[in-house]
Amino acid sequence: VTPAFAEAAWRHYESARFGFSIDVPAGFGAAQESANGDGATFNSADGTAQLLVWGSRLLDSTLKQDSAFRIGEEKKDGWRISYAPLKRSWYAYSGTREDRIVYTKAVSACGGDLALYFRIEYPKSEKTQYDAMVTRLSKSLKAGKGSDCP
């Protein structure tokens, strides 16, 4: 593990709007907040990886339908999805495209009215290094009480 991804170097990100929090590696720059306040983008110092974190209302959808939609969109973009567990309160998926890996996780919040997400994309050549990061990101994504939670 490189020093940029060392345990002590992580910092905490919180969304006031959706009430979620997630740990972010220090090797990723400052949060670039979205204009509508639904989340943020973090880029690795070397520019080869990107972490997106956001929340969204499910509206007339369920977590299962959201999963199918998002996986379908990734496939349209050329991603080969090879891992896609779907549980009652969360789902995840991972896949590859050329020399890249993508991993996304979503958790249900606010009684199923919201979904909270992270999506990380990084080079296949750094898979071993990023495996531990993805595990920590997955464990640290937590729902809370945000302004959009009824």
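Structural notes, computed from the coordinates. This structure is a prediction, so every number in the text was calculated from the model and none was measured.

### Topic: the nonpolar core
Among soluble globular proteins, nonpolar side chains are generally buried collectively.
And then number 1: Residues Phe-28, Leu-51, Val-53, Phe-118 and Ile-120 are the most contacted members of the largest nonpolar core, which totals 29 residues.
And then number 2: Of all the secondary-structure elements, those providing two or more residues to this core are β2 (21-24), β4 (39-43), β5 (50-57), β8 (100-109), β9 (114-123) and α2 (127-140).
And then number 3: The contacts of Val-53, once residues within four sequence positions are left out, are Tyr-13, Phe-20, Ile-22, Asp-38, Gly-39, Ala-40, Phe-42, Tyr-117 and Phe-118.
And then number 4: If you look at the next biggest cluster of nonpolar residues, it comprises twelve residues, including Ile-71, Tyr-93, Ala-106 and Ala-115.

### A short note on the packing of aromatic side chains
And then number 1: Using the criterion set out here, one finds six aromatic pairs in the structure.
And then number 2: Centroid distance Tyr-91 to Tyr-93: 6.4 Å. Interplanar angle 10 degrees. Geometry classified as stacked.
And then number 3: For the ring pair Tyr-122 and Tyr-130, a centre distance of 4.4 Å and an interplane angle of 10 degrees mean the geometry is stacked. Take Tyr-122 and Tyr-130: they sit in the same class, and that class is buried.
And then number 4: Taken together, Tyr-13, Phe-20 and Phe-42 form an aromatic cluster joined through their ring pairs.
And then number 5: In this arrangement the basic side chain of Arg-70 is found over the ring face of Tyr-117, its NZ or CZ atom lying 4.3 Å from the centre.

### Overview of the sheet that holds strand β3 (residues 32-33)
Strand pairing within a sheet occurs via backbone hydrogen bonds; the two strands may be parallel or antiparallel.
And then number 1: Spatially, β3-β4-β5-β9-β8-β7-β6 is the arrangement adopted by the seven strands of the open sheet, whose pairing is antiparallel. Because the sheet does not close on itself, it has two edges, and the strands there are β3 and β6 (80-83).
And then number 2: Bridging between β6 and strand β7 (residues 90-97) involves three bridges; their strand directions are antiparallel. Across the sheet, the residue bridging to Tyr-83 is Ser-94, located in β7.
And then number 3: Sheet strands touched by helix α1 (residues 63-76): β5, β6, β7, β8 and β9. Its angle to β7, the strand with the most contacts, is close to 5 degrees.

### Some thoughts on the pairing of β8
And then number 1: Taking burial as the measure, the ten residues of β8 include nine buried ones, the bulk of the element.
And then number 2: Direction of pairing for β7 relative to β8: antiparallel, over a ladder of eight bridges. Within the sheet, the bridge partner assigned to Tyr-91 lies in β8 and is Ala-106.
And then number 3: The hairpin turn running from β7 into β8, its antiparallel successor, is two residues long, and Glu-98 in that turn takes a positive phi close to 55 degrees.

Thresholds applied
Residues numbered from 1 in each chain as written. Predicted model: local features only at pLDDT ≥ 70, side-chain atom pairs only at ≥ 80, totals over all residues. Heavy atoms only, no water. Core = buried A, V, L, I, M, F, W, Y, C linked by side-chain atoms within 4.5 Å. Buried < 20%, exposed > 50% of the residue type's maximum accessible area, 1.4 Å probe, protein only. Helix = DSSP H or I, 4+ residues; strand = E, 2+ residues; numbered from the N terminus. Contact = heavy atoms within 4.5 Å. Phe/Tyr/Trp six-rings, centres within 6.5 Å; stacked < 30°, edge-to-face > 60°. Lys NZ or Arg CZ within 6 Å of the ring centre and 35° of its normal. Pairing = 2+ DSSP bridges. Axes fitted to C-alpha atoms, helices over the stretch in contact; angles between N-to-C directions.

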